[in-house]
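Architecture at a glance
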Amino acid sequence: MRLIILIPTIFFALTSAAFAQTDQSQAYPTFTSEEDYISPLDPLQDRDAGTRERFVASLTEKQVNRAYPPQTALVLAGIDSEELVVMALHRDALATPFQARAYLTQLAPSLRNLPMVADSGAARKAGTLDILKLFGFRRVVVSDGDSYSMLINVF
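Residues numbered from 1 in each chain as written. Predicted model: local features only at pLDDT ≥ 70, side-chain atom pairs only at ≥ 80, totals over all residues. Heavy atoms only, no water.

Re the packing of aromatic side chains
What describes a pair of aromatic rings is the distance from one ring centre to the other and the angle between the planes of the rings. Inspection of every chain in the model, using the stated rule, returns 3 aromatic pairs. A ring pair is formed by F55 and F137, whose centres lie 5.9 Å apart and whose planes are at 50 degrees; its orientation type is tilted. Of this pair, F55 sits in helix α2 (residues 49-64) while F137 is found in the loop between α5 (128-134) and β4 (139-143), placing the two residues 82 residues apart along the sequence. For the pair F55 and F137, a shared accessibility class is recorded, and that class is buried. Among the aromatic residues, those joined into a ring-pair cluster are F55, F135 and F137. (Phe/Tyr/Trp six-rings, centres within 6.5 Å; stacked < 30°, edge-to-face > 60°. Helix = DSSP H or I, 4+ residues; strand = E, 2+ residues; numbered from the N terminus. Buried < 20%, exposed > 50% of the residue type's maximum accessible area, 1.4 Å probe, protein only.)

As structure tokens, then:
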């Protein structure tokens, strides 16, 4: 009788441990701020998880091909890859929330020049969060990987 109770208990304990390890909140520090951004742009119709994966891969390739090592990692997360996590790779990169905001702002011209964005024609003067909305991103998390994480819900 004890064995019959013990086996399901072990199974559920292992399953919950595995689930806890895949919880995205463990990938960055607890949110220290959360805000909503309402973009005037509508998401493009033909953008799905695969498009977001190619979008992030293209941007990452640009980072890796520079003469210096990347300062941030761009990671897709969430259901259907609708969350973009921007994580500092070095202690001095994105050391403050102000640097994180500046980094997001600085990304806009690089994003506009990606062929998949330039070809859409919809993002000529759009900011970073607007471009991310075009591709169907719903959440952006920016973190120094140590002391803070900013969550931006994109509507």
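Alright, that's what it looks like, and here's the rest.
Details of the side chain of Q63
Tracing the backbone shows Q63 in helix α2. By relative accessible area, Q63 is classed as buried at 6%. Of note is the side chain of Q63, whose polar atom sits 3.0 Å from the side chain of T72. Residues in contact with Q63, not counting those within four places in the same chain, are Y68, P70, T72, L74 and Y103. (Polar contact = N/O pair within 3.5 Å; in protein donor to acceptor, adjacent residues only side chain to side chain. Contact = heavy atoms within 4.5 Å.)

Topic: empty space enclosed by the protein
On inspection of all chains with the given rule, the structure shows 1 cavity of 30 Å³ or more. Sort the elements by how many residues they give to the lining of the largest cavity and α2 lands first, with 3 residues. Its residues assigned to classes, the lining of the largest cavity comprises 8 nonpolar, no polar and no charged. (1 Å grid on protein atoms, 1.4 Å probe; cavity = no way out; pocket = protein on both sides within 12 Å on 5 of 7 lines; lining within 4 Å. Points joined across faces, edges and corners; volume = space filled by probe spheres on them. Nonpolar A, V, L, I, M, F, W, Y, C, P; charged D, E, K, R; others polar.)

Digging into helix α3 (residues 97-113)
For α3, spanning 17 residues, the distance from its first C-alpha to its last is 26 Å, which sits close to the expected 24 Å at 1.5 Å a residue. At L107, α3 is bent by approximately 30 degrees, the largest bend along its length, and proline P109 sits one to four residues beyond. If you check which residues of α3 are buried, you get A100, Y103, L104, L107, A108, S110 and L111. (Expected span 1.5 Å × (residues − 1). Bend = angle between axes of the 7 residues up to and from the residue.)

Comments concerning the sheet that holds β4
Pairing is mixed in the open sheet, where 5 strands are placed in the order β1-β5-β4-β3-β2. The sheet is open, and its two edges are formed by β1 (33-37) and β2 (72-77), each paired on a single side. Across this sheet, the average inter-strand angle for adjacent strands is 20 degrees, counted without regard to direction. Note that β1 and strand β5 (residues 149-154) share 5 bridges and pair parallel. Within β5, the position partnered with D36 by the bridge is N153. Together, β1, β2, β3 (83-88), β4 and β5 form the strand contacts of α3, whose direction differs from that of β5 by roughly 40 degrees. (Pairing = 2+ DSSP bridges. Axes fitted to C-alpha atoms, helices over the stretch in contact; angles between N-to-C directions.)

Notes on the pattern of salt bridges
For the structure on display, the rule yields 5 salt bridges. Across the pair R101 and E35 runs a salt bridge, and its minimum N-O distance is 2.2 Å. Highlighted residues: R101 in helix α3 and E35 in strand β1, separated in sequence by 66 residues. Exposure remark for R101: the relative accessible area of 37% places this residue in the partly exposed category. The exposure class of E35 is partly exposed, given its relative accessible area of 27%. Residues R138 and E82 are paired through a salt bridge, measuring 3.1 Å at the closest nitrogen-oxygen approach. (Salt bridge = Lys/Arg side-chain N within 4 Å of Asp/Glu carboxyl O.)

Keep in mind these values describe shape, not function.
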